[in-house]
Number of protein chains: 4
Amino acid sequence: MAGNSFGQAFKITTFGESHGKALGVIIDGCPAGLEIDEDFIQHELSRRRPGQSKIVTQRKEADTFQLLSGVFEGKSTGTPISMVIFNQDARSKDYSHIANSYRPSHADFTYQQKYGFRDYRGGGRSSARETAARVAAGAIAKTLLKSLGIQTYAYVNQVGDLKLETPYKELDLSKIEDTSVRCPDLQMAAQMVDYIKKIKKQGDTIGGTVFGLVKGCPIGLGEPVFDKLHADLAKAMLSINACKGFEYGSGFSGIRMKGSEHNDVFYNDNGKIKTKTNHSGGIQGGISNGMDIYFNVAFKPVATIIPEQDSVNQVGEPAKVVGKGRHDPCVLPRAVPIVEAMTALVLVDHLLRQRMIRL
Amino acid sequence: MAGNSFGQAFKITTFGESHGKALGVIIDGCPAGLEIDEDFIQHELSRRRPGQSKIVTQRKEADTFQLLSGVFEGKSTGTPISMVIFNQDARSKDYSHIANSYRPSHADFTYQQKYGFRDYRGGGRSSARETAARVAAGAIAKTLLKSLGIQTYAYVNQVGDLKLETPYKELDLSKIEDTSVRCPDLQMAAQMVDYIKKIKKQGDTIGGTVFGLVKGCPIGLGEPVFDKLHADLAKAMLSINACKGFEYGSGFSGIRMKGSEHNDVFYNDNGKIKTKTNHSGGIQGGISNGMDIYFNVAFKPVATIIPEQDSVNQVGEPAKVVGKGRHDPCVLPRAVPIVEAMTALVLVDHLLRQRMIRL
Amino acid sequence: MAGNSFGQAFKITTFGESHGKALGVIIDGCPAGLEIDEDFIQHELSRRRPGQSKIVTQRKEADTFQLLSGVFEGKSTGTPISMVIFNQDARSKDYSHIANSYRPSHADFTYQQKYGFRDYRGGGRSSARETAARVAAGAIAKTLLKSLGIQTYAYVNQVGDLKLETPYKELDLSKIEDTSVRCPDLQMAAQMVDYIKKIKKQGDTIGGTVFGLVKGCPIGLGEPVFDKLHADLAKAMLSINACKGFEYGSGFSGIRMKGSEHNDVFYNDNGKIKTKTNHSGGIQGGISNGMDIYFNVAFKPVATIIPEQDSVNQVGEPAKVVGKGRHDPCVLPRAVPIVEAMTALVLVDHLLRQRMIRL
Amino acid sequence: MAGNSFGQAFKITTFGESHGKALGVIIDGCPAGLEIDEDFIQHELSRRRPGQSKIVTQRKEADTFQLLSGVFEGKSTGTPISMVIFNQDARSKDYSHIANSYRPSHADFTYQQKYGFRDYRGGGRSSARETAARVAAGAIAKTLLKSLGIQTYAYVNQVGDLKLETPYKELDLSKIEDTSVRCPDLQMAAQMVDYIKKIKKQGDTIGGTVFGLVKGCPIGLGEPVFDKLHADLAKAMLSINACKGFEYGSGFSGIRMKGSEHNDVFYNDNGKIKTKTNHSGGIQGGISNGMDIYFNVAFKPVATIIPEQDSVNQVGEPAKVVGKGRHDPCVLPRAVPIVEAMTALVLVDHLLRQRMIRL
């Protein structure tokens, strides 16, 4: 039982290796009749692709996708939607040096041990290149959400020690895409960019957090007791390469609060029941309550660095590993569209599942 | 598509409401031939049950379980194992006051909205009482792990602002059960107990974190790209009542590190490949690497408090909600066996899944 | 990955052995708000239970069920519905003679080989007693179908060589329950009863077919390309003990027809599109077309017979097996409610799944 | 919850429409280390493709596939294997005449009703062209079976009234591929070919049965109580286009036998426990018993015929439908590799599942 599918009602299955022939995704369960905007899908892929700015890897992958099935006359037919991206800039030779050695904090060692065998080119299946498939599927999920007035946002709110303390409600979210680091506070964004450039010059990398936000989510999404909305969001986020942690609502800081401080008091806002505070992060008992859903996702520093590192080879002998050429000094800016995509996939899955709950 | 099952190979389905006739669990996929120790299962249930110490709720539920199927002559037969706990101390009348009002930060409102209808007695299905079923199933998962030399631990490492800073390697884990708060540092434990007692007197509640640890995990568990070992652990933990966050390895603090600091260098330890540091938390690329797996789980303060709170009733009118009688001032001590159970369930599921990976 | 669950949206999981403590079922996914009639469930169980007439086994099992969860104030809550039947007349001693021998055409041998170990009492999990759990769940599925005006029927249309040739449209289906053999043609029913009594006296058994019928099925149920409505019906039927074959619509006799004879011509019946003939059996391309769904299910003669039979024991030595006491000379009459239950479960599952197909 | 996946451990998902850009399949769960022979996959596809002989449709589809992922240096890596066939001979114009009318006994009507919308070109997703993807995946499943000494066979044993009565044990199965109709009895094959040619001249079609056979199946495959081996085979077969029925072992003829005749007596054949007869068809209690597994699959006459037929259009007005150009007079010869593929997929899935059954 391999694990390359996500979702139950809106189920995606991704395939493809970093330097194989192609990678892609099948969506099984997209409702019929949805208008599919190929330009939008391509736009989303471009937000994730390498080479989009100076603070990300300079690899040149156009990430142009082809739609192979499931859409007729511009609309989804209810049959599987498949999208494929043929690999172009697959400089496999770049990776010959790691064919026999294990890069520190990469998946080389564990893949070799698990499968007895691995496609070492560019990390093979373990490469973050796989997330392009998620972004393509996520673009369709977003289209469906938009048609229902549900909005998803994500932005970088921390890089290394640079932390944006301003609450999301005080930010102008329309500015997220104005900066290459995808932080809506322009001043902080400039600092982050400078810092990442400095890190890049050192051949080093740095981690950070992405803040995720959903506005307009209907009440009732989430399936207790295991498929709670936040539990599926947690799994979705932790399934992204380099992700180390997830918290929603008050999260890790909520543990210091007393119940009397933390509880979100209900009130009637012109016929709509709302809560005065939102430490719950829009989810109570695993089910959306109509308030904003928000969460924080931690990403470690990228494992690929330029300086030589100690390691071992496949037979356990000491070996040196050197980072070559193009790497991401900070994964955060490119993680933003991935976080958005996974958020949208979780929400659409639960929107469809919710359709079966009542008689 | 409801969400009351967890796991794919070792799949559990739980049922039952807080004040219904009974609650329980079916395990489908337990391998045949495992010796089932009913005393151990009962022992685990007792670690979770109310009334076990002065810092937890004083409700009197014996949580005595019955094994209904799947075991013959003391061993699992490979058929579904079902266990049931009949409810006894079901003072439904205690809950009449909330039949029509929504308790702040409880699931009353969202259940009502989602299902159009709810069993209001004790929170019904949303009650943490459901976790008894998980602990019973987890006891069987633990038995299987033990037979393979895999050990799972969990302990409380933070309550409110009281944080245990000592790394787990310097603690005597055999002391966890020596304190009612389940913290292996006896001095810190005493402080935590005092603090919880104080909170209890105020009729208030407080949050905290549980630290989870797995020793002896074989290399190779975890199914990329979605069912990464830590992604399934995250979902498992976030599915527990009151859980607000999960981080593994370096977690949220890893974001401040550079790649050159964070990378875990491989070395050969007498024929066994290990890493010098373990910021990866024993998992790389979603697959266990043989090092200790460790993680942190955040729990918010329990929503039930004694003081009167403002709220609304089902028709949106202002209402007052009062906590009555017996409540948990801090869920952490009782969360420990639940975290252990969910950890064991994830591991056993992936152990079985790993059996199919190679030719 | 054991196989004790059925359905995806309306998912049942059954548990329990023939002579264990109890057997039962959990339904996960029953929509909230359905009125649950416990008398009806018991009534359905009574139609399946032993001892109900002279042509079935005289074992005395009341099959009284208890509802443990998922229902509040008479209505489903959307949470798992669990039902359990505690075993009473569990004469385990009757089975000591087969503890070490393999009964011909039973599952003793295969269970022993598969699991390395088996509960030999009454066939353990392989006993048709497990189907009581299906009937209980099926009763709830039927209730849901009824609320939508969908009717399911099943009757015996062949026992040994006695075959009812009258088409179902010419039969009075209200008479099915008037005869102990559950055949609506009273004359044929009488013949069948006589024949089964004769077989019973011989200590022998006989096979037959059950005809299944659904009226009022909405257009659109079934999920190509694998979960076609008839494919799921086939699996449902073949999963019933002693079932050897399934055909729908023209079935095995359709193979002798030419396309020009077999094709069902569409016409407009006062605004409703119907087909003039119905060789398709109400399903085209795996999707219901609104016409009657009908199918045929073959059951082999029960393996338990009274005369001594040759066999081998667990170490492969020659052994004799003798049928003892109470056995079913013909499984068909009791198979009728099981076929109905499985039919209802498939339909409800697809009704719920269909809710997610369109935007 | 759409239904385009099959299998749980060796899970395939197919995509693509008859006249879309491409069709294909992802296999998730193929064990790592399997040698993948692309020539063999292409060979299997050629056995299914149109235009291979005079008794099948003369459409010219090369069905050349591309392997996109999951294989490295000739061996499976344990990651998803994806294969795609780009469509070439997509004469969409041929289908403009049915854009608005419902072809009798096709899926035009039901797809339109289910999805509210359909890709009418060549039947879209409902076309049997989708089975090419199954055959490609089945070729890999067969490779795995062969490596374990398990052989699968299928042949045509009935076309219209022409029925091959010779038991499979008396046939020379190596001759199956010697005739264009895929019947190993050359005399009967010649009769069948003549008959199909006659039918073709009439512009008509005819049905038949395919006999399936597995030799060398290990004991223990099948997961009671729902995923019995024969239940999964039934579903697999009924999911194939035009399939109307399935029976295994004694099947529908077994219903006329008494238990004393039907029971398969065990004996010890030089240390191996076998049964003297095999009415069980190699499966008892849903689990393989090591004897030959055999079954029969009924296919209706193809719905596309040349003569004009009455029908209605999408608004319910009378319409005429005319078959154009190239059609299959009898689907049976091309169904043989599809039946084999689905058989192999079921077996591999259960082989992998069986790995988790014992401690």
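Shown above is the structure to which this text applies.
Small disclaimer: the values here were computed from a predicted structure and weren't measured.

A. Here's a closer look at the overall build of chain A. A count of helices and strands for chain A gives seven helices and 18 strands. In terms of overall size, chain A behaves like a compact globule, its C-alpha atoms giving a radius of gyration of 21 Å where 359 residues would be expected to give roughly 21 Å. With respect to the principal axes defined by its C-alpha atoms, chain A has extents near 65 × 50 × 35 Å. Going through the 359 residues of chain A one by one, you find that 70% of them count as buried. Contacts in chain A between residues far apart in sequence, at least 24 positions, make up 70% of those at least 6 positions apart. Accessible surface, chain A as shown: approximately 11100 Å² in total, 47% of it carbon and sulfur. Between the centroid of the 45 positive side chains of chain A and the centroid of its 38 negative side chains there is a distance of 2 Å.

B. Looking closely at the environment of L173(C). Residues and elements named next belong to chain C. Mapped onto the elements, L173 comes out in the loop between β9 (162-163) and α4 (186-201). Measuring from C-alpha to C-alpha, the distance between L173 and P184 comes to 5.8 Å, with eleven residues separating the pair along the chain. Filtering out sequence-adjacent residues up to four positions away, L173 remains in contact with Y153, Y155, Y168 and L213.

C. Quick peek at the relation of the copies chain C and chain A. Note on the copies: chain C fits chain A at an RMSD of 0.0 Å, the axial shift is 0.0 Å, and the rotation between them is 180 degrees. Both copies are brought into coincidence by an operation consistent with a two-fold rotation axis. For chain C, the minimum C-alpha distance to the rotation axis belongs to R355(C) and amounts to 3.2 Å. Same-surface contact between copies: 100% of interface residues of chain C are shared with the interface of chain A.

D. Local environment of a positive patch on the surface. All names here are of chain A. A cluster of basic residues, K54, K197, K200 and K201, forms a positive patch on the protein surface. Within the element layout of this structure, K201 appears in helix α4 (residues 186-201). We classify K201 as exposed; its relative accessible area is 79%.

E. Broad picture of helix α1 (residues 38-48) of chain A. Residue and element names in this part refer to chain A. All of the buried residues in α1 are F40, I41, E44, L45, R47 and R48. Projected down its long axis, α1 shows its buried positions confined to an angular sector of 155 degrees, all on one face. Next to the buried residues of α1 lie β4 (65-69), β7 (81-86), α3 (131-147) and α7 (332-354). With a side-chain oxygen lying 3.0 Å from the backbone nitrogen of D39, the N-terminal cap of α1 falls on D37.

Procedures and definitions
Residues numbered from 1 in each chain as written. Chains lettered and ligands numbered in written order. Predicted model: local features only at pLDDT ≥ 70, side-chain atom pairs only at ≥ 80, totals over all residues. Heavy atoms only, no water. Helix = DSSP H or I, 4+ residues; strand = E, 2+ residues; numbered from the N terminus. Rg over C-alpha atoms; globule rule 2.2 N^0.38 Å. Buried < 20%, exposed > 50% of the residue type's maximum accessible area, 1.4 Å probe, protein only. Contact = heavy atoms within 4.5 Å. Areas by Shrake-Rupley, 256 points an atom, 1.4 Å probe, with all protein chains shown as cover. Lys, Arg positive; Asp, Glu negative; His and termini not counted. Charge placed at Lys NZ, Arg CZ, Asp CG, Glu CD. Least-squares fit on C-alpha atoms with pLDDT ≥ 70 in both. Patch = residues over 30% accessible without salt bridge, like charges linked within 9 Å, V, L, I, M, F, W, Y side chains within 5 Å. Salt bridge = Lys/Arg side-chain N within 4 Å of Asp/Glu carboxyl O. Arc of directions from axis to C-beta. Polar contact = N/O pair within 3.5 Å; in protein donor to acceptor, adjacent residues only side chain to side chain.

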